[in-house]
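The residues making up each chain are set out below.
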Amino acid sequence: MEFYEREKKDSCGVFGVCNPKHDIVHNIYNGLVSLQHRGQESAGISTVKNRRIYSKRVWGLVSQNLKPKLWRLPGHIGIGHVRYSTTGSSTLANAQPMVHNGFSLAHNGNLANYIQIRRMMEREGFRLTANSDAEVMLKLFRKYYCGCGDYVEAFRELSGQVEGGYSLVMLSRNHELIAARDPLGLRPLCQGVDRDTVAFASESVALDCNNMKLIGDVKPGSVVVATEDGFETYQYVQCNRRAHCMFEFVYFSRVDSILEGRSVYDVRFKLGVNLAKTYDVKPDVVVPVPDTSRTAAEGYSSQTGVPVAEGLIKNRYVHRTFIMPKQKDRESAMKLKLNPLKSVINGRKVLIIDDSIVRGTTSKAIIQMVRKAGASKVYMMSTCPPIVSPCFYGIDIATYSELIAAKSTVEEIKTKINADILGYQTLEGLIDAIGLPEEDLCLGCLKGEYPTPYAQRTLEALKEKATLEKARLWEVEALV
Ligand code: AMP
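Owing to the predicted nature of the structure, the values given are computational and were not obtained by experimental measurement. (Residues numbered from 1 in each chain as written. Predicted model: local features only at pLDDT ≥ 70, side-chain atom pairs only at ≥ 80, totals over all residues. Heavy atoms only, no water.)

Enquirer: What exactly am I supposed to notice about the site of the ligand here?
Expert: What surrounds the ligand is a group of 14 residues, the closest being Tyr-84, Asp-354, Asp-355, Gly-360 and Thr-362. In the environment of the ligand, a nitrogen atom lies 2.9 Å from a nitrogen or oxygen atom belonging to the side chain of Tyr-251. Note that an oxygen atom of the ligand is positioned 2.8 Å from one of the backbone N or O atoms of Val-358. Relative to its free-state accessible area of 500 Å², the ligand is covered by the protein chains to the extent of 93%. (Near = heavy atom within 4 Å. Polar contact = N/O pair within 3.5 Å; in protein donor to acceptor, adjacent residues only side chain to side chain. Areas by Shrake-Rupley, 256 points an atom, 1.4 Å probe, with all protein chains shown as cover.)

Next comes the structure, spelled out in structure tokens:
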């Protein structure tokens, strides 16, 4: 049990494409390269030709390790996946797409009741060899599909069992491309076309780089089945609300993507504008934490007239300080990753804008380096409101006990990170910037109110057991 509870993480990117005339592996490659920010641990592609599924999964980056394997993947229909890095030991068994008995599946999201489902499947005699939602989704889906021979019915049954976020692309030995989204639309999935080609992607940027036209988002609770003759969309379940993840807009998605009809760039710009409207501070210069916060800093600057300057220079070859397991490692990696520019900072009141404060490690380290570089005052703002609760649906933020805002007030956080002023985005400012109704958003990590019952119960159990310092979300399942 320890094995799978500690390791599972599923923030990822998916891409699927069907073209009646040509091999499509280069489209999947382009799509995955443009979704690389959604996961750098492993990548993979499956295609189907003459009822045979071809599949390759590799460690690391798409352009380095997957590219040499592309020639082995023939066919007009295919899917691809990039997977986020994990903190535990990893195995290629968890890489995707997974292949099982005539189907291949790539999944983005996270099941809140994964352990429960896994135990149920083990009791039923399923052989589970990996430690991932994708495996349980694929094997359960196939069970239901074999029972009824109908995709819509199979997804209806599946959605009755699993709870959480899932955006899936699948292919079948029968030359079908299948795309499905969970009933709440927690994780993104959009659809594009180019003449006879149809494609699905976690983000629209993957369609852009294939010269495909975005035609919209896959509707929550629906499944699209595409063949070489066209595609059909079916609603497998109706849900009276949506719950699009706000963090996709704030941090996770690329700034040039369109999610739910909203430009991520516009949202981030407005997040900066709204910070400027909320806090009346008078910095000499606004410095974004690269890369995500650049757009918000532009927005802040446009609203206030305060110049924006690149006062923190990022080493583009250092990645993922956030997900390093040890706090000490994260701190020293931060020094390698960011270097302050004295000529921008020295003697000035500097406002640093970051997209979010999760554990507070990043802010604290940045403030310290900006002070050392000679700032007379250091103000800190976060485009995201305080993160007070974990995510159960696919964003790897942190455990409950690690979240700095879960147990400290803004004033206390300001002291802990050593800022002269600390300003968080308000909930209203966030919702206004995203431009979707509040009831269409998942704000679970900000409010501690989740759109699904199992996640809510897990949070309550976590709170009760908050003394379990290292508790990961999946561990508390045993307590629920
Ligand atoms: P922390 O040091 O834990 O407060 O992390 C906050 C920093 O990590 C911010 O600069 C964010 O841009 C970044 N961040 C937030 N969420 C994630 C995530 N899920 N994966 C990687 N980086 C993240």
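Okay, back to it.
Enquirer: Whenever I open this one, the domain arrangement of the protein chain confuses me. Can you help?
Expert: Split into domains, the protein chain comes out as domain 1 (13-243) and domain 2 (263-438). Just the C-alpha atoms count here: the centres of domain 1 and domain 2 sit 33 Å apart. (Domains from an automatic or database assignment.)

Enquirer: Just to check I follow, could you spell out the sheet that holds strand β20 (residues 349-354) for this structure?
Expert: Sheets are built from strands that pair by backbone hydrogen bonding, the pairs being arranged parallel or antiparallel. Strands sit in the order β17-β20-β21-β22 across an open sheet of four strands; the sheet is parallel. The open sheet has two edge strands with one neighbour each: β17 (285-288) and β22 (421-424). The mean angle between the axes of side-by-side strands here comes to 20 degrees, regardless of whether they run parallel or antiparallel. Judged from the four bridges that link them, strand β21 (residues 377-382) and β22 form a sheet pairing that is parallel. Looking at the pairing, Met-381 lines up with Gly-423 of β22. Of the strands in this sheet, β21 and β22 touch helix α15 (residues 410-417), which is tilted by about 130 degrees from β22. (Pairing = 2+ DSSP bridges. Helix = DSSP H or I, 4+ residues; strand = E, 2+ residues; numbered from the N terminus. Axes fitted to C-alpha atoms, helices over the stretch in contact; angles between N-to-C directions. Contact = heavy atoms within 4.5 Å.)

Enquirer: Would you take a moment to explain the sheet that holds strand β12 (residues 222-227) for this structure?
Expert: What the six strands build is an open sheet, ordered β5-β6-β7-β8-β12-β13; its pairing is antiparallel. Each edge of the open sheet is held by one strand with a lone partner, namely β5 (98-100) and β13 (230-235). Averaged over all adjacent pairs, the angle separating strand axes in this sheet is 20 degrees, with direction ignored. Here β12 runs beside β13; their pairing, made up of six bridges, is antiparallel. Within β13, the residue paired with Val-223 across the bridge is Tyr-234. The sheet contacts of helix α5 (residues 133-148) involve β5, β6 (103-111) and β7 (164-172), and relative to β6 the element is tilted by about 125 degrees.

Enquirer: I tried to follow the environment of Gly-192 on my own but got confused; where do I start?
Expert: Relative to the elements of secondary structure, Gly-192 occurs in strand β9 (residues 190-194). The spatial distance from the C-alpha of Gly-192 to the C-alpha of Ala-206 is 9.4 Å, given a sequence separation of 14 residues. Excluding anything up to four places from it in sequence, Gly-192 contacts Thr-197, Val-198, Ala-199, Leu-207, Lys-213, Leu-214 and Ile-215.

Enquirer: Even after reading the chapter, I still don't get the nonpolar core, so can you show me in this structure?
Expert: Generally speaking, soluble globular proteins have nonpolar side chains that are buried together. If you look at the biggest cluster of nonpolar residues, it comprises 40 residues, and the most contacted ones within it are Met-246, Phe-247, Ile-387 and Tyr-393. Secondary-structure elements contributing two or more residues to this core are α8 (246-252), α9 (264-278), α16 (427-434), β23 (441-442), α17 (444-447) and α18 (453-464). Each of two domains, domain 1 (13-243) and domain 2 (263-438), supplies a minimum of three residues to this core. Once residues within four sequence positions are removed from consideration, Tyr-393 is found in contact with Gly-109, Asn-110, Ala-112, Gly-164, Gly-165, Leu-186, Arg-187, Cys-442, Tyr-450, Pro-451, Thr-452 and Ala-455. Within the second largest apolar cluster, 33 residues are counted, among which are Leu-140, Phe-141, Ala-154 and Ala-180. (Core = buried A, V, L, I, M, F, W, Y, C linked by side-chain atoms within 4.5 Å. Buried < 20%, exposed > 50% of the residue type's maximum accessible area, 1.4 Å probe, protein only.)

Enquirer: In this structure, what is going on with the confidence of the model for the protein chain? I would like to understand it.
Expert: Predicted coordinates in regions of low pLDDT should not be interpreted in detail. Per-residue confidence for the protein chain gives a mean pLDDT of 91; residues scoring 70 or more make up 91%. Every residue in residues 1-7 is under pLDDT 50, and counting partners more than four places away or in other chains gives 20 contacts. (pLDDT = per-residue confidence, 0-100.)

Enquirer: Can you walk me through the environment of Lys-69 in this structure?
Expert: Within the secondary structure, Lys-69 is located in the loop between α3 (62-66) and β4 (77-83). Relative accessible area serves as the criterion here: at 24%, Lys-69 is assigned to the partly exposed category. As a C-alpha pair, Lys-69 and Glu-157 span 88 residues in sequence and 36 Å in three-dimensional space.

Enquirer: Sorry, what's going on with the environment of Leu-430 here?
Expert: For Leu-430, the position within the fold is in helix α16. In the structure, Leu-430 is positioned 181 residues away from Phe-249 in sequence and 9.7 Å away in space, judged by C-alpha atoms. Not counting residues up to four positions away in its chain, the partners in contact with Leu-430 are Met-246, Val-250, Leu-271, Thr-383, Pro-385, Gln-425, Leu-443 and Leu-446.

Enquirer: Looking at this model, I keep getting lost on unusual backbone geometry. Mind explaining?
Expert: Across the chain, the bulk of peptide bonds are trans and the bulk of non-glycine residues have phi less than zero. The omega torsion of the bond from Gln-96 to Pro-97 falls at 0 degrees, within 30 degrees of zero and hence cis. Looking at the secondary structure, you find Pro-97 in the loop between β4 and β5. Of note, the bond from Pro-290 into Asp-291 is cis; its omega dihedral lies within 30 degrees of zero at 0 degrees. Inspection of the secondary structure puts Asp-291 in the loop between β17 and α10 (294-304).

Enquirer: Help me understand the side chain of Ser-172 in this model?
Expert: Within the secondary structure, Ser-172 sits in strand β7. When neighbours within four sequence positions are excluded, Ser-172 is seen to be in contact with Val-48, Gly-102, Phe-103 and Tyr-151.

Enquirer: Just to check I follow, could you spell out the packing of aromatic side chains for this structure?
Expert: To describe a pair of aromatic rings, you give the distance between the ring centres and the angle between the ring planes. In this structure the tally under the stated criterion is 14 aromatic pairs. Where Phe-103 meets Tyr-151, the ring centres are 6.5 Å apart and the plane angle is 80 degrees; that geometry is what we call edge-to-face. Of this pair, Phe-103 sits in strand β6 while Tyr-151 sits in helix α6 (residues 151-161), placing them 48 residues apart in sequence. Ring centres 5.9 Å apart and planes at 10 degrees place the aromatic pair Phe-141 and Tyr-145 in the stacked group. One end of the pair, Phe-141, and the other, Tyr-145, are both in helix α5, four residues apart, so they sit about a helical turn from each other. With respect to burial, Phe-141 and Tyr-145 carry one shared label: buried. Taken together, the aromatic side chains of Phe-103, Phe-141, Tyr-145, Tyr-151, Phe-155 and Tyr-236 make up a single cluster linked through ring pairs. Here Lys-407 stacks its cationic end above the ring of Tyr-400, 5.3 Å away from the centre of that ring. (Phe/Tyr/Trp six-rings, centres within 6.5 Å; stacked < 30°, edge-to-face > 60°. Lys NZ or Arg CZ within 6 Å of the ring centre and 35° of its normal.)

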